[in-house]
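Residue strings, one per chain:
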Amino acid sequence: QVQLVESGGGLVQAGGSLRLSCAASGRTISTYTMAWFRQAPGKEREFVAQISSWTNNINYADSVKGRFSISRDNAKNTVYLQMNSLKPEDTAVYFCAAGRMFSSVRSAYDYWGQGTLVTVSS
């Protein structure tokens, strides 16, 4: 089993930056695809970014491409999401997830954190 804990959320102004961290415990994340999802009020949880195990293949949602960057440090058992040029539309609870497949579908992920709130003011 893998436990995931997100941190780094907060309030930022539009155009600002924020870095989210996802600390894993219980097992190494080196064999897992890691992903970030987000959920805004009244909306479904949506895919943001993913990074595969070993080869570090990366995929982003079109809405964040060019602004967000996902990375992983297997030695620290941690995944990051660097968010730049933030927009009010990015306001959401951000969730870290771990799974065995390289996929943007929620059901592909077996482990989830509790989420961290990101609020972007205009």
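Structure shown above.
Nothing here was measured: the structure is a model prediction, and the numbers come from that model.

What counts and how
Residues numbered from 1 in each chain as written. Predicted model: local features only at pLDDT ≥ 70, side-chain atom pairs only at ≥ 80, totals over all residues. Heavy atoms only, no water. Helix = DSSP H or I, 4+ residues; strand = E, 2+ residues; numbered from the N terminus. Buried < 20%, exposed > 50% of the residue type's maximum accessible area, 1.4 Å probe, protein only. Contact = heavy atoms within 4.5 Å. Salt bridge = Lys/Arg side-chain N within 4 Å of Asp/Glu carboxyl O. Phe/Tyr/Trp six-rings, centres within 6.5 Å; stacked < 30°, edge-to-face > 60°. Lys NZ or Arg CZ within 6 Å of the ring centre and 35° of its normal.

Before going further, it helps to examine the environment of Pro 41. Mapped onto the elements, Pro 41 comes out in the loop between strand 4 (33–39) and strand 5 (46–51). Taking the relative accessible area as the measure of exposure, Pro 41 reaches 75% and is therefore exposed.

It is worth spelling out the environment of Val 2 at this point. Note on placement: Val 2 falls in the segment before strand 1 (3–7). With a relative accessible area of 7%, Val 2 lands in the buried category. C-alpha separation for the pair Val 2 and Gln 114, spaced 112 residues apart in sequence, amounts to 13 Å. In contact with Val 2, not counting residues within four places along its chain, are Ala 24, Ser 25, Arg 27, Tyr 32 and Tyr 111.

Turning our attention to the pattern of salt bridges. According to the stated counting rule, one finds five salt bridges in the structure shown. The partner of Arg 38 in a salt bridge is Glu 46, with the nearest N and O atoms 2.8 Å apart. The exposure class of Glu 46 is partly exposed, given its relative accessible area of 35%. The closest approach of N and O atoms between Glu 44 and Arg 106, which form a salt bridge, is 3.9 Å. Of this pair, Glu 44 sits in the loop between strand 4 and strand 5 while Arg 106 sits in the loop between strand 9 (92–99) and strand 10 (109–112), placing them 62 residues apart in sequence. Put simply, Arg 38, Glu 46, Arg 67 and Asp 90 are held in one network by salt bridges that share partners.

Moving on: the environment of Lys 43. Its location among the elements puts Lys 43 in the loop between strand 4 and strand 5. According to the relative accessible area criterion, Lys 43 is exposed, its value standing at 58%. Linking Lys 43 and Arg 19, residues 24 residues apart in sequence, is a C-alpha distance of 23 Å.

Another aspect to go through is the packing of aromatic side chains. With the rule as written, the count across this model stands at five aromatic pairs. Relative to Trp 112, the ring of Tyr 109 lies with its centre 6.3 Å away and its plane at 70°, an arrangement referred to as edge-to-face. Looking at Tyr 109, the relative accessible area reads 5%, which means it is buried. Under the relative-accessibility criterion, Trp 112 is labelled partly exposed at 25%. Across the ring face of Phe 95, the terminal group of Arg 45 is positioned such that the distance to the ring centre comes to 3.7 Å. Above the plane of the ring of Trp 112 lies Arg 45, whose end atom (NZ or CZ) is 5.1 Å from the centre.

Everything listed here is a matter of geometry and, on its own, says nothing about what the molecule does.
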